[in-house]
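Each chain, written out:
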Amino acid sequence: YERVPLDEETIKNYMMIAIRDDIARDVLIEDIERYAGCISDATAAYNSTAPAAPPPAPVAQSPEATAVAQGLQQLVQHLSQCPLNGSEKRQLAEGSKAAEKLKEKLTYGQVEEDVVVQCNRLVSSVLQRDYATASAVQVALVNSHWAAHKDWLKGVKFLCQLAQKKMQ
């Protein structure tokens with residue numbers, strides 16, 4: 001069969017015809033990939049017979065790690081009781097996701113001990129309404145650990161900012 005350059009509309013039309021023709025699922029996927037000239041990651045995973053890697057085992061948490069997780073949960077709960085506008089609700093949602101992500105990383109020992117100590121200082125500063133210290137610690141964490149922890153640092157910043165606005 002001859003390969004010809006395809007445009008998005010041609011591929012979409014072909015896929016719709018193939019789906020309507022009630023072709024067997026495996027044949028359909030292979031045919032579409034051959035036609036489009038690519039193999040997707042999803043199909044590679046679907047066709048793979050390799051077993052999934054086991055999930056990491058939880059590790060014993062230090063008192064600081066426990067305090068961080070509990071303090072962030074307390075902060076999120078307190079902020080959720082405050083009157084919030086639309087953008088503040090989005091910030092809280094992002095902050096809540098960040099708190100969960102950090103808790104997960106703490107559970108599996110994926111946070112360096114010095115970061116845990118700084119997070120503990122940040123959370124306790126926010127809960128004590130010492131926003132200058134909390135902000136300084138948050139900036140230091142971003143400057144020194146962004147690459148490894150960007151998935152939760154931005155959301156924690158939102159929590160700090162909301163706390164400063166709402167917890168006077």
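Residues numbered from 1 in each chain as written. Predicted model: local features only at pLDDT ≥ 70, side-chain atom pairs only at ≥ 80, totals over all residues. Heavy atoms only, no water.

### With respect to the side chain of serine 62
Our working rule: For the purposes of this entry, the term helix denotes a DSSP run of H or I that reaches at least four residues, the term strand denotes a run of E that reaches at least two, and both are numbered from the N terminus. By the convention used here, residues are in contact when the closest approach between their heavy atoms is within 4.5 Å.
Relative to the elements of secondary structure, serine 62 occurs in the loop between α3 (41-47) and α4 (63-80). Those residues in contact with serine 62 that sit more than four places away from it in its chain are Glu113 and Val116.

### Some points on unusual backbone geometry
Our working rule: Buried means the residue's accessible area, taken with a 1.4 Å probe over protein chains only, is under 20% of the maximum for its type, while exposed means over 50%, and partly exposed covers the values in between.
We note that arginine 129 has phi near 65°; this positive angle belongs to a residue other than glycine. Structurally, the position occupied by arginine 129 is in the loop between α6 (113-127) and α7 (131-166). For arginine 129, a relative accessible area of 40% translates into the label partly exposed.

### Some words on the environment of alanine 57
Assignment of secondary structure puts alanine 57 in the loop between α3 and α4. As for alanine 57 and tyrosine 108, which are separated by 51 residues in sequence, their C-alpha atoms are 6.4 Å apart.

### Here we look at the nonpolar core
What counts here: Residues belong to a common nonpolar core when they are buried Ala, Val, Leu, Ile, Met, Phe, Trp, Tyr or Cys residues joined through side-chain atoms within 4.5 Å.
Leu102, Leu106, Leu122, Val126 and Trp152 are the most contacted members of the largest nonpolar core, which totals 33 residues. At the level of secondary structure, the elements contributing two or more residues to this core comprise α4, α5 (86-107), α6 and α7. Among the elements that line this core, the one with the most residues is α7, at 11 residues. Residue contacts for valine 126: discarding those within four places in its chain leaves Leu75, Tyr131, Ala134, Cys160, Ala163 and Met167.

### As for the side chain of histidine 145
Rule in force here: Here a polar contact is recorded for every N or O atom pair within 3.5 Å, except that within protein the pair must consist of a potential hydrogen donor and a potential acceptor, and residues adjacent in sequence are included only if both atoms are side-chain atoms.
Mapping histidine 145 onto the fold places it in helix α7. On the accessibility criterion, histidine 145 (16% relative accessible area) is buried. Side-chain polar atoms of histidine 145 contact the side chain of aspartate 114, separated by 3.5 Å. With sequence-adjacent residues up to four places away left out, histidine 145 is seen in contact with Asp114, Val115, Gln118 and Leu153.

### With respect to the environment of glutamine 118
As for its position among the elements, glutamine 118 is in helix α6. Distance from glutamine 118 to alanine 140, taken between C-alpha atoms, is 8.8 Å for residues 22 residues apart in sequence. In contact with glutamine 118, not counting residues within four places along its chain, are Val137, Ala140, Leu141 and His145.

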